[in-house]
Each structure stands twice: as C-alpha cells, then as structure tokens.
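Survey of secondary and tertiary structure
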Amino acid sequence: MHTTAPPSEVRIRSARTRSGDLVDLTVTGDRITGRHRAGEAPATTGTELDAGGGLVLPSFVNTHLHLDKTRLGDQLPADITGTIQDGLAATWPLKRNYSVADITRRASEVLDSAVVHGAGFIRAMTDVDSLGGSAGVEALLGLRKTYSDRVRIQVTGFTQEGIFGARGSLSLLQDAVAAGIDVVAGCPQMEKDEALSRKHVETCYQLAIDNDLDVHFLADDTDDPSARSLEQIATIAAETGWGPRVIVGHVGALGAYDHTYARKVIALCADAGLTICTNPHISLVLQGREDRGLVRRGATRVGELLAAGVRVIAAQDDVDDPYYPFGIPSQLEVAKYVAHVAHLSHPAGIARTLDMVTTDAAAAVRLDGYGLEVGDRADLVVLPTATAAESLRLTPAPRWVLHGGRVVATTRVESWLAPA
Ligand SMILES: [Zn+2]
C-alpha cells in the first residue's frame with residue numbers, strides 16, 4: 001500500500017487585482033482554490049508569497065511568435081537593410097542549414113526568457129517549407145513537450161515561403177498535421193499572383209477544417225493598398241463558421257486602404273467573429289519605409305477594429321531575427337507598444353492593451369480556466385507594480401511566475417545608488 005502526497009499549496013498574499021481589490025489567493029495543485037480579502041486567508045503549511053500590493057494577472061498569452069527564427073541575428077550579413085525582402089533573402093541560406101538541435105537551442109533561450117517575463121501560453125509560428133523542411137516543426141514539437149511544465153506551447157505549421165511557389169511545401173504541411181501540430185498557418189502574400197494567393201487561403205482553411213484545427217494567417221503585411229487577403233479570409237470565416245478559430249496577424253494593408261474599403265473589410269471581420277493580432281514592434285520597423293513626408297506607423301487600424309467590435313490582440317512576433325534585431329518576449333512590453341502606436345495612452349486604452357495580451361488573447365485561442373476565480377488554472381504572474389498604467393510604464397519582469405500552480409520563475413532587481 002502506498003499513499004499519495006497531498007498536492008502542494010501556494011498562498012499569494014496581498015495581491016492587487018485589476019479592479020483594485022487586495023486579495024489572498026490560494027493555489028492547490030494546478031488550480032486556484034481560494035480567494036479571500038487580503039489578510040483573511042488561513043495560514044498555510046505550503047509556500048507563502050507576499051505580493052506586497054503588486055498586481056496579479058493570469059499569465060500572458062502570446063499568439064504569434066516566430067520561434068524557429070529567433071536569435072539568428074549574429075548569422076546575418078552585415079549589409080542587411082531591414083526590408084522584408086532582405087529579411088526573407090537572408091533567411092533562405094540559414095533555413096537550408098536548419099537542424100533540429102540548432103532550432104531547439106535558439107528557441108529554448110527565448111522560451112526561458114518568455115517564462116521569466118510571464119508567458120503562460122505561446123503560439124509558435126513555425127516555418128514548414130522546402131527550404132527548412134520539417135526541422136522547425138520537429139524542434140517545436142519537442143519543445144512543446146519539454147516546456148509543458150513551464151509554458152503551454154502551440155505549434156503552427158507556417159507556410160512562410162508560400163504553398164504553390166515552394167515545391168513540396170503542401171505535402172510537408174500535411175505531414176506536419178499528421179505529426180501533431182496544433183494550428184495551420186498560412187502566408188498568402190508569398191504566392192506570385194492573386195489567384196494563387198486566394199488558392200493558398202482556401203487550402204489552409206480546407207486543411208484546418210478537415211483536421212479540426214485552428215487556422216492562423218500572416219496576411220497583408222504590406223503598405224500596399226491593393227492587398228486583398230483579409231477580405232477573403234473574413235468571407236470564408238463567415239461562410240464556414242470557422243471565425244472564432246481564426247487569428248489574422250499583421251494586416252498592415254488595412255491601414256493603407258481608403259476608408260470606404262477599410263470600413264467594409266472591418267465589418268466583414270466583425271461579422272465573421274475572427275481575431276486580429278497586431279504586432280507593433282515589427283510593423284514599426286518594417287512598414288512605412290517608402291513613405292515620404294508623413295511616415296506611417298505600419299500597424300493595422302486598431303482603434304477602428306475595436307470600435308467595430310472586432311477582437312484585437314497583440315503579440316511579440318520576433319526576437320532577434322532577420323526582420324527585427326531587438327525584442328524580448330515580454331507581453332507587457334507588447335502592450336506598451338500597442339498603447340503607443342494605436343493612441344491607447346488614456347486609462348481605458350491602457351486597460352484595453354492589457355486585455356490584448358491577457359484575457360482577449362486567451363479568448364482568441366479558447367483557453368479554459370483562464371482567470372483569477374476559484375477553479376481557474378493557476379497560471380499566474382505577480383508583478384512588482386500595482387496598476388496597469390504603472391506596469392506598462394515600468395514593464396518589469398514579474399516578481400513570480402506560476403505555471404500549473406508551481407513557481408517557475410522569480411525576478412528580483414537590485415539597484416545601488418551612491419549616497420549624495
Ligand atoms: Zn509574424
């Protein structure tokens with residue numbers, strides 16, 4: 001006969017919710033099992049964490065991070081100019097040399113940092129094509145397993161080089177589905193003409209629906225007002241009813257459309273119930289490069305989408321890759337960038353940007369038990385800051401990060417000042 005050890009208990013004392021309440025949260029196993037007013041929770045023999053009035057949030061959700069390409073920065077040619085075309089071309093020779101071990105090493109470095117910064121969920125955009133083959137998917141499926149006790153990873157099969165322009169990509173994508181990826185992800189703008197681009201979108205939908213998978217697009221990532229993928233994606237989402245399982249990232253062209261057409265496309269998105277993911281860091285450095293005089297910011301129409309009732313979320317997109325030389329996987333920093341590019345710097349706007357990296361992002365990927373109520377999953381961050389505005393202003397790493405009820409990261413920053 002053997003006895004099973006009781007589940008571990010963690011008590012988070014004096015944590016502040018977004019509505020300003022000070023609470024004690026009790027965590028047993030992987031769930032929140034108690035929520036009391038601060039000071040009223042009973043003593044515990046488990047771990048006590050004194051939040052000291054710091055903000056407690058359910059963990060951050062990043063639905064669009066190109067993990068296979070992270071940390072390639074030191075392998076790039078010195079004369080890279082920073083355009084999309086240059087980024088793509090610089091990636092090709094690197095992808096031809098992709099190995100599972102190398103992707104695993106680079107992505108692990110970023111995943112470790114993401115855990116420290118409070119990520120509880122990451123959707124890894126993972127290239128599948130004839131250049132890199134299935135190395136990215138194989139590496140990320142491995143990481144999905146090895147990191148499962150620290151962060152939940154979803155693996156996409158992402159057709160970065162197109163489906164019809166890159167021979168063999170479709171069968172590699174089908175193989176990735178058979179291997180157990182979570183999401184089919186398309187990139188229709190990589191096809192050589194409009195007809196193939198439309199066929200690309202249809203193919204991704206068909207594969208996703210046939211296999212009961214979510215679908216994700218990197219679409220219209222351009223200042224070109226003639227880009228038309230979002231309209232087609234929204235139309236099919238409405239026709240098939242798949243909208244709640246569709247996220248569309250980037251969509252810079254929506255910002256370039258004339259207002260009448262933009263209004264029509266935004267209404268289609270609202271009707272379809274799909275989610276738009278803005279990626280502010282990368283849009284700021286990639287787009288608007290051909291503009292003279294007033295230079296556009298490249299981000300999509302966040303304010304108008306929100307006003308029309310479209311769910312808008314935000315993601316990091318890149319960490320030190322051929323497109324973006326900066327980046328830490330901090331969703332708090334992403335929220336801060338959205339507040340800047342979308343003029344969401346007032347209190348309600350700041351609150352909205354925090355929704356985009358927490359509750360709304362969680363809803364877009366249909367996470368169960370996401371929140372701070374009894375019964376919710378104990379995937380939590382405790383910040384050293386007390387309010388949304390202060391958290392965005394200082395963008396600290398969380399004091400504690402819990403995943404599945406276990407403390408998986410802590411950060412304590414110490415500074416020293418010379419006396420006056
Ligand atoms: Zn992207």
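Worth saying up front: this structure is predicted, and the values here are computed from it rather than measured. (Residues numbered from 1 in each chain as written. Predicted model: local features only at pLDDT ≥ 70, side-chain atom pairs only at ≥ 80, totals over all residues. Heavy atoms only, no water.)

**Points about the overall build of the protein**
Secondary structure summary: the protein contains 14 helices and 16 strands in total. Scaling as 2.2 N^0.38, a compact globule of 420 residues should have a C-alpha radius of gyration of about 22 Å, and the protein matches this with 22 Å. Projecting the C-alpha coordinates of the protein onto the three principal axes gives extents of approximately 65 × 55 × 50 Å. By residue count, 57% of the 420 residues in the protein fall in the buried class. For the protein, long-range pairs separated by at least 24 residues make up 75% of all intrachain contacts whose partners lie at least 6 apart in sequence. Surface accessibility of the protein: about 17500 Å² in total, with carbon and sulfur atoms responsible for 53%. Across the protein, 40 positive and 52 negative side-chain charges occur, with their mean positions spaced 2 Å apart. (Helix = DSSP H or I, 4+ residues; strand = E, 2+ residues; numbered from the N terminus. Rg over C-alpha atoms; globule rule 2.2 N^0.38 Å. Buried < 20%, exposed > 50% of the residue type's maximum accessible area, 1.4 Å probe, protein only. Contact = heavy atoms within 4.5 Å. Areas by Shrake-Rupley, 256 points an atom, 1.4 Å probe, with all protein chains shown as cover. Lys, Arg positive; Asp, Glu negative; His and termini not counted. Charge placed at Lys NZ, Arg CZ, Asp CG, Glu CD.)

**Considering the coordination of the zinc ion**
The expected angle between donors at a tetrahedral four-coordinate metal is 109.5 degrees. At an octahedral six-coordinate metal it is 90 or 180 degrees. Surrounding the zinc ion are the protein donor atoms His-64 (NE2), His-66 (NE2), His-250 (NE2) and Asp-317 (OD), which sit 2.0 to 2.2 Å from the metal. Considering all 4 donor atoms around the zinc ion, the spread of angles at the metal, 86 to 164°, places the coordination shape in the irregular class. Along the chain, the residues donating to the zinc ion are arranged with the sequence spacing H-x1-H-x183-H-x66-D. Linking His-64 in strand E6 (residues 60–65) with Asp-317 in the loop between strand E13 (311–314) and helix H11 (331–341), this pair joins segments that are 253 residues apart in sequence. The class of Asp-317 is buried, set by a relative accessible area of 2%. (Donors = N, O, S within 2.8 Å, 3.2 Å for Na, K, Ca; no water. Tetrahedral: all angles 85-135°; square planar, octahedral: opposite > 155°, others 65-115°.)

**Points about the domain arrangement of the protein**
What the domain assignment reports for the protein is domain 1 (9–58 + 371–410) and domain 2 (60–364). Between the C-alpha centres of domain 1 and domain 2 there is a distance of 30 Å. Contacts between the two partners involve 19 residues from domain 1, matched on the other side by 22 residues from domain 2. Both faces considered, domain 1 and domain 2 share a buried interface measuring about 1600 Å² in area, 68% of it formed by carbon and sulfur atoms. Looking at the side of domain 1 facing domain 2, the largest losses of area belong to Arg-18, Leu-392 and His-403, adding up to 37% of the total buried there. There are 2 salt bridges connecting domain 1 and domain 2. The shortest N-O distance in the salt bridge between Asp-355 and Arg-18 comes to 2.8 Å. Applying the counting rule to domain 1 against domain 2 returns 6 residue pairs in polar contact (both at pLDDT 80 or more). Put simply, the parts of the chain that give the side of domain 1 that touches domain 2 at least two residues each are strand E5 (56–58), helix H14 (388–394), strand E15 (400–403) and strand E16 (406–410). In terms of residue count, H14 provides more of the side of domain 1 that touches domain 2 than any other element does, 5 residues in total. Across the side of domain 1 that touches domain 2, the residue classes tally to 13 nonpolar, 3 polar and 3 charged. (Domains from an automatic or database assignment. Buried area = accessible area lost by both parts, 1.4 Å probe. Salt bridge = Lys/Arg side-chain N within 4 Å of Asp/Glu carboxyl O. Polar contact = N/O pair within 3.5 Å; in protein donor to acceptor, adjacent residues only side chain to side chain. Nonpolar A, V, L, I, M, F, W, Y, C, P; charged D, E, K, R; others polar.)

**Some points on unusual backbone geometry**
Despite not being glycine, Asp-212 has its phi angle at roughly 55°, a positive value. Relative to the elements of secondary structure, Asp-212 occurs in the loop between helix H5 (194–210) and strand E10 (214–219). In this structure, Arg-366 is a non-glycine residue whose phi angle is positive, near 55°. If you trace the backbone, Arg-366 turns up in the loop between helix H13 (359–364) and strand E14 (380–382).

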